[in-house]
Amino acid sequence: MADAFIYGSSVEGENFTDRETETKRLKANFEHGVNTLLISNRRIGKTSLVRHVKNQVNAKKVSVVYLDIFDCRSEYDFYNKLATAVLRQTASKMDVLMQNIKTFLGRVSPKISVSPDPTMDFSLSLGITPKEYAPEQILNLAEIIAQKQGKRIVVCIDEFQQIGEFPDSVTVQKRLRGAWQLQQNVSYCLFGSKKHLMTNMFQNKSMPFFQFGDAIFLGVIPVKKWVPFICEKFKKHGLSIHEEFAARISDEVEGYSSYVQQLAWLVMLKTESVVTKEIVDAAVNELIAQNTALFMQQTEGLTSYQMNMLRALASGVHDGFLSKEVMDEFRLGTKSNISKVKKILIDRDLVEVRENGLYISDPVFQMWFRKYCL
Ligand SMILES: Nc1ncnc2c1ncn2[C@@H]1O[C@H](COP(=O)(O)OP(=O)(O)O)[C@@H](O)[C@H]1O
Ligand SMILES: [Mg+2]
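Residues numbered from 1 in each chain as written. Chains lettered and ligands numbered in written order. Predicted model: local features only at pLDDT ≥ 70, side-chain atom pairs only at ≥ 80, totals over all residues. Heavy atoms only, no water.

Engineer: It is not clear to me how helix α13 (residues 304-314) should be interpreted in this structure. Could you clarify?
Structural biologist: Side chains that are three or four residues apart share a direction in an α-helix, a result of its 3.6 residues per turn. Most of α13 is tucked away, with 8 of its 11 residues classed as buried. Where α13 is concerned, the buried positions are Q306, M307, N308, M309, L310, A312, L313 and A314. Packing partners of the buried residues in α13 comprise α12 (277-299), α14 (324-330), α15 (335-347), β8 (351-354), β9 (357-360) and α16 (363-373). Immediately downstream of α13, the backbone of G316 shows phi near 100°, a positive value. (Buried < 20%, exposed > 50% of the residue type's maximum accessible area, 1.4 Å probe, protein only. Helix = DSSP H or I, 4+ residues; strand = E, 2+ residues; numbered from the N terminus. Contact = heavy atoms within 4.5 Å.)

The following block contains the structure:
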């Protein structure tokens, strides 16, 4: 049963469902050299989608390079990671890789440690510093390799918002955009989980990456896709679940990808043969309990005005915060205070602006909050 439902890391194969429309759009962007910005809340499925598309493109025509920059803290950290990923993932064999390093980055002395593992896993550290290479030379590496190989390259950068935290970040962003927009054979897919940071980088007119590419806002997977997915998995494990309960698993967490899988897993663990209402109820409580530590941490240090704003949202009030009744009922403070409170909660990704007002972003956080903080 080890792989029944997966909710920790990105998923593929049998654990991946839906996303037909997004797959098609992203695949076309990859094959036609269109830059993409992929934005969603955390754990909705960005990484899974990009990896899914990576496996589908015609590898003879396009090389897809993937890197995650969550641990990069500065401009050159990023260049090292970028150059390493580009060189490694465009070389089919070790000797090609070594040759490419020599040809394209002759001035560095790379360190390679090969593990005895026959799958040829090894670590490569290039040690690029500003002394050896100017930013533009590293930023153009993919373009030069693409030209030489007569193939397009798509560079996918996960947790891209990290760039926004670098020292002198706007200058770095200008440099990146300046180099990348001139490239003919390389396109970029930039994505990340800090939704407000990503949105600010790409939708703010004064930012260098404004309108850099096709913006895809990844939403939740619809219940009609979750139901067969969940039922099938139960069946495979010799268990039975009525479609109504499968739908409830998705509805309880508003279709939020990782939570659907986590809740389904908790239900499965409690089921001996047939899923019952009591089992789902108990699993929902356990889901909240399992996430409590995180939620407590997220609300730690919030002021009472901020907590009151969350109380208003959790009670079903999503707009009209400046009206006297709402301000009085939820004790939101002064009008100018309200906009500050909103901004802080949005910056922390606790709340988000939707079409018809302000909402708590995370459905399980909302359940927890209703249970313990109202
Ligand atoms: N297409 C999908 N089908 C089924 N489950 C998915 C899908 N995409 C995401 N998930 C669920 O969400 C979790 C997080 O996915 P991931 O791709 O890492 O999200 P993100 O990159 O947006 O943080 C996965 O472990 C899985 O439980
Ligand atoms: Mg991810």
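There is more to say, and it comes next.
Engineer: Looking at this structure, I do not really get the packing of aromatic side chains. What am I missing?
Structural biologist: Two measures describe an aromatic ring pair: the distance that separates the ring centres and the angle between the ring planes. Inspection of the entire model under this criterion finds 20 aromatic pairs. Seen in terms of ring centroids, F5 and F234 are 5.9 Å apart; in terms of plane orientation they differ by 50°. Their pairing is tilted. Remark: F234 occurs in helix α9 (residues 223-236) and F5 occurs in the segment before α1 (20-32); sequence separation between them is 229 residues. F234 shares its class with F5; the two are buried. Between the aromatic rings of W226 and F229, the centroid separation amounts to 5.5 Å while the plane-to-plane angle is 75°, which identifies the pairing as edge-to-face. Placement of the pair is W226 and F229 together in helix α9, with a separation of 3 residues, close to one helical turn. Since its relative accessible area comes to 9%, F229 is described here as buried. Members of the aromatic cluster, joined through ring pairs, are F160, W180, Y188, F202, F209 and F212. Positioned over the ring face of F122 is R88, at 4.0 Å from the centre of the ring. Between K233 and the ring centre of F5, over which it is positioned, the NZ or CZ distance is 5.9 Å. (Phe/Tyr/Trp six-rings, centres within 6.5 Å; stacked < 30°, edge-to-face > 60°. Lys NZ or Arg CZ within 6 Å of the ring centre and 35° of its normal.)

Engineer: Honestly, the pairing of strand β2 (residues 62-68) in this entry has me stumped. Any pointers?
Structural biologist: Two faces belong to every sheet, and in a regular strand the side chains alternate between them. For β2, a buried count of 6 out of 7 residues is recorded, marking the element as mostly surrounded by other parts of the structure. In the sheet, β2 pairs with strand β5 (residues 152-158) via 7 bridges, with the strands oriented parallel. Of the residues in β5, the one forming a bridge with D68 is D158. (Pairing = 2+ DSSP bridges.)

Engineer: For this particular structure, what's the right way to read the side chain of S40?
Structural biologist: When you line up the elements, S40 lands in the loop between β1 (36-39) and α2 (46-54). Its relative accessible area of 2% is what places S40 among the buried residues. Within the structure, the side chain of S40 is placed 3.1 Å from the side chain of K46, a separation counted as a polar contact. Residues contacting S40, with those up to four places away along its chain left out, are K46, G192, S193, K195 and L218. (Polar contact = N/O pair within 3.5 Å; in protein donor to acceptor, adjacent residues only side chain to side chain.)

Engineer: Please explain the sheet that holds β1 as it appears in this structure.
Structural biologist: Strands in a sheet are paired, the pairing made by backbone hydrogen bonds, and the direction either parallel or antiparallel. One open sheet accounts for 5 strands, arranged β2-β5-β6-β1-β7; its pairing is parallel. Two strands close off the open sheet at either side, each with one partner strand: β2 and β7 (214-217). The average undirected angle you get between the axes of adjacent strands in this sheet is 15°. When β1 meets strand β6 (residues 186-192), the two strands line up parallel, connected through 4 bridges. Paired with T36 across the bridge in β6 is C189. (Axes fitted to C-alpha atoms, helices over the stretch in contact; angles between N-to-C directions.)

Engineer: What is the right way to look at the site of ligand 1 in this model?
Structural biologist: Close contacts around ligand 1 come from 24 residues, with I6, S9, K46, S48 and Q261 the closest. At a separation of 3.2 Å, an oxygen atom of ligand 1 approaches a polar backbone atom of I44. Residue K46 places a side-chain N or O atom 2.7 Å away from an oxygen atom belonging to ligand 1. In isolation ligand 1 exposes 560 Å². Once the protein is present, 95% of that is buried. Counting only elements with at least two residues in the shell around ligand 1, the list comes to α2 and α11 (257-270). Residue-level mapping places the shell around ligand 1 at the junction of two domains, with at least three residues from each of domain 1 (19-217) and domain 2 (223-297). (Near = heavy atom within 4 Å. Areas by Shrake-Rupley, 256 points an atom, 1.4 Å probe, with all protein chains shown as cover. Domains from an automatic or database assignment.)

Engineer: Where do I start with the nonpolar core in this structure?
Structural biologist: Soluble, globular proteins show a tendency: their nonpolar side chains are buried together. Of all hydrophobic cores here, the largest spans 78 residues; its most connected members are I230 and F321. In terms of residue count, the dominant contributor to this core is α11 (8 residues). Ranked by size, the runner-up nonpolar core spans 49 residues in total, among them L87, I101, L126 and F166. (Core = buried A, V, L, I, M, F, W, Y, C linked by side-chain atoms within 4.5 Å.)

Engineer: Before we go on, may I ask you to explain the domain arrangement of the protein chain in this structure?
Structural biologist: Interfaces are often described in size by the accessible area the parts lose on coming together. Considered domain by domain, the protein chain is made up of domain 1 (19-217), domain 2 (223-297) and domain 3 (301-373). Between domain 2 and domain 3, the C-alpha centre-to-centre distance is 28 Å. At the junction of the two partners, domain 2 supplies 13 residues and domain 3 supplies 11 residues. Taken together, the two surfaces of domain 2 and domain 3 that pack against each other cover about 1000 Å², and 71% of this comes from carbon and sulfur. Summed over the three residues of domain 2 that lose the most area to domain 3, namely E254, I288 and F295, the buried surface amounts to 53% of that side. Linking domain 2 with domain 3 are 0 salt bridges, by the criterion used here. (Buried area = accessible area lost by both parts, 1.4 Å probe. Salt bridge = Lys/Arg side-chain N within 4 Å of Asp/Glu carboxyl O.)

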